[in-house]
2 protein chains.
Amino acid sequence: MVQQELDGSTPSQDESRITSKSGYFVGVDIGGTNLRLALADSDGTILARSSTSTVGVRDAALIVHLIRDGVDALVTELSLSFDSVLALAAGAPGITDPNEGVVIATSYLMGWNNVPLRTMLEDACGVPAAVDNDVNLAALGESASGAARGINNFVFIAIGTGIGAGIVLNGQLFRGNAWSAGEIGYMLVPGTSEQPAERDKPGALEEMAGGEGAKTQWRNRWHESRTSLPEDALATEIFDHAVEGNVLAQEVLELSARTLAYAIHNIWLVLNCDLFVLGGSVGLHQALIEATGRVLATRSNRAQPRLVGSLLGPDAQLMGAIFLAIETAKTRVLAAAS
Amino acid sequence: MVQQELDGSTPSQDESRITSKSGYFVGVDIGGTNLRLALADSDGTILARSSTSTVGVRDAALIVHLIRDGVDALVTELSLSFDSVLALAAGAPGITDPNEGVVIATSYLMGWNNVPLRTMLEDACGVPAAVDNDVNLAALGESASGAARGINNFVFIAIGTGIGAGIVLNGQLFRGNAWSAGEIGYMLVPGTSEQPAERDKPGALEEMAGGEGAKTQWRNRWHESRTSLPEDALATEIFDHAVEGNVLAQEVLELSARTLAYAIHNIWLVLNCDLFVLGGSVGLHQALIEATGRVLATRSNRAQPRLVGSLLGPDAQLMGAIFLAIETAKTRVLAAAS
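Note that the structure is predicted; figures quoted are calculated from it, not measured.

Caption draft 1: Region of the structure containing the interface of chain A and chain B. At the junction of the two partners, chain A supplies 37 residues and chain B supplies 37 residues. Counted by class, the side of chain A that touches chain B contains 19 nonpolar, twelve polar and six charged residues.

Caption draft 2: Representation of the sheet that holds strand β2 (residues 34-40) of chain B within the structure. Residues and elements named next belong to chain B. Read across the sheet, five strands follow the order β3-β2-β1-β4-β8 without closing on themselves; strand pairing throughout is mixed. Each edge of the open sheet carries a strand with a single partner, namely β3 (46-53) and β8 (129-133). Neighbour-to-neighbour, the strand axes of the sheet open up by a mean angle of 15°, direction not taken into account. Pairing geometry for β2 and β3, over seven bridges, is antiparallel. Looking at β3, one finds that Arg36 is bridged to Ser51. Its contacts with the sheet place helix α11 (residues 316-337) against β1 (24-30), β2, β4 (85-92) and β8, and it is angled at close to 135° to β1.

Caption draft 3: Spotlight on unusual backbone geometry. Phi is positive for A:Asn170, which is not a glycine, with a value near 50°. Its place among the elements puts A:Asn170 in the loop between β10 (163-169) and β11 (172-174).

Caption draft 4: Helix α2 (residues 60-77) of chain B, seen in detail. Residue and element names in this part refer to chain B. Spanning 18 residues, α2 covers 25 Å between terminal C-alpha atoms, matching the ideal 26 Å at 1.5 Å per step. Along α2, the positions that sit buried rather than exposed are Ala60, Ile63, Val64, Ile67, Gly70, Val71 and Leu74. All buried residues of α2 lie within an arc of 115° about the axis, which places them on one face of the element. Turned more than 90 degrees away from the buried face of α2, the exposed residues are Ala61, Leu62 and Thr76. Those residues of α2 that are buried lie in contact with β1, β2, β3, β4, β7 (113-115) and α3 (117-125).

Caption draft 5: Here's a closer look at the pairing of strand β2 (residues 34-40) of chain A. Most of β2(A) sits inside the fold, with five of its seven residues counted as buried. Hairpin connection between β2(A) and strand β3 (residues 46-53) of chain A: a loop of five residues separates the two successive antiparallel strands, and A:Gly44 in this loop has a positive phi of roughly 85°.

About the thresholds
- Residues numbered from 1 in each chain as written.
- Chains lettered and ligands numbered in written order.
- Predicted model: local features only at pLDDT ≥ 70, side-chain atom pairs only at ≥ 80, totals over all residues.
- Contact = placed C-beta atoms within 7 Å.
- Nonpolar A, V, L, I, M, F, W, Y, C, P; charged D, E, K, R; others polar.
- Pairing = 2+ DSSP bridges.
- Helix = DSSP H or I, 4+ residues; strand = E, 2+ residues; numbered from the N terminus.
- Axes fitted to C-alpha atoms, helices over the stretch in contact; angles between N-to-C directions.
- Expected span 1.5 Å × (residues − 1).
- Buried ≥ 20, exposed ≤ 12 C-beta atoms within 10 Å, placed from the backbone.
- Arc of directions from axis to C-beta.

Below is the structure:
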């Protein structure tokens, strides 16, 4: 599990409150299309959850309002008081400064710039809050209770509409100088465009692999005589279609897998980490994981990294947020006690 | 400077011996063509140095013998006793386990496998010794007294015959699970071969950039009507020729620079580190550094890393070895005192 910066002091009365069943924690996953919340006990066991559409919702204050309403609904559902919620943590789809609690920039889907999300959440909900990048939280989740338990060095790659990585080195999230470590959507591998990147457009890697890339590659090849799937099929539908034997879909799957395998190979050369965990709605597709693994196996002359699917699946970010909320409560209590 | 794992205890009598001018330290750079030694005082100031050809010399015992003879010659030159040498550190051109002091594998140039170099050096020289990968030592040198002083996260890229990187994260060398972090010679970028890597052959990146790559690309384009340089010119000669205006040489320089810039861009996406330091006999060529910087500047839509040449130049590895020798002596004395 990712180590937290806690000292080893004797549990105080406040701390034992956290580790008792009397306190609860909320994890939030702010996605481009859905806002998901989960309320958990101090073991990280989810007791209730909710999901709200965020399609068309870009305003940060409105998102915070939806989160506050969501927490209200969860505690009401479980007949708890709001006061029993000890902390809340949220994952945002963008570059996030967890120290300051600020979302520095999100993709074109949200359009946020320097949003002080932690303060906004604490003001709205009245509990200690923490924020981080959603892919970092997914890596934290996999480290705490998923496919990377006990692994000191690994990379979680989230593949949804875009592609991003959460990097754990020496048991800690590695964030880089400007909180941008793992922003691999712009990686250049054989086959990607060499055109300069454009702001608010998919990166070179994302044009070839990932949800948007697979859709683009499918549209480029599509002809009604060659498939029963529509021209605007989703990546996961295309991959299902490939498994069913459609040649056009297999081309797109192989291209995604090859591009992704090259990216993983490159990251592995830099970090020499044993394990890569694939997650995200597209990254969880078993056919993509298997095809990527096959390409990866051809790349190395000595060793090669392990490639596995996320164990927590769509809950990776949410579980990471819950663990961050639990750690946030502990840290605040210890800070207050010292 | 790269932090060493030392406690903050009061200097003992033994320790003050190290920090006095009475003790000396030897740094060794074991290259594919040259064995270089330097003897320094406790400030890292080089007092004497030597260089011996290792062309055709592959046997590890013979290299160790040459090192012992070299130390002898250096102390004699300075009218010192052998006993005044307090520690020795050597950089090896291959994957090295610094904890066990074993060179796990070198390239085809040396052909070493699991050579217990530290023990061999200690037995031959009778002083505490340490070994590490030569590029890691160059990164340590740049961190201690070169272009990366005070920088917590940076990457040193050594470009000689091949290409390798030394990675410093959070002020410490990051080595990966199998001591292979930074083995970027096999990186795949647009333009590199997608053929599976072959053992003991240059990697995909090394075929396009680096000393061997530039030579290969030059040979592929060479025609006597288009240049006064021979077909078997060296990379640095080709780059000089490009600066003089030869179009063929400029093509090779631009290809090297583009390939290298793509690799740096990819590493930067993973690590989000501010600084890249280019070193090695080929990497120090100013025309390559400038051309690479120009390509890199076109890649990013937001920020970009700084790219500079090594300050220590050909001495980077040697200086890193000297600093490692100094730290080795301190660590051994502290361990003995505790």
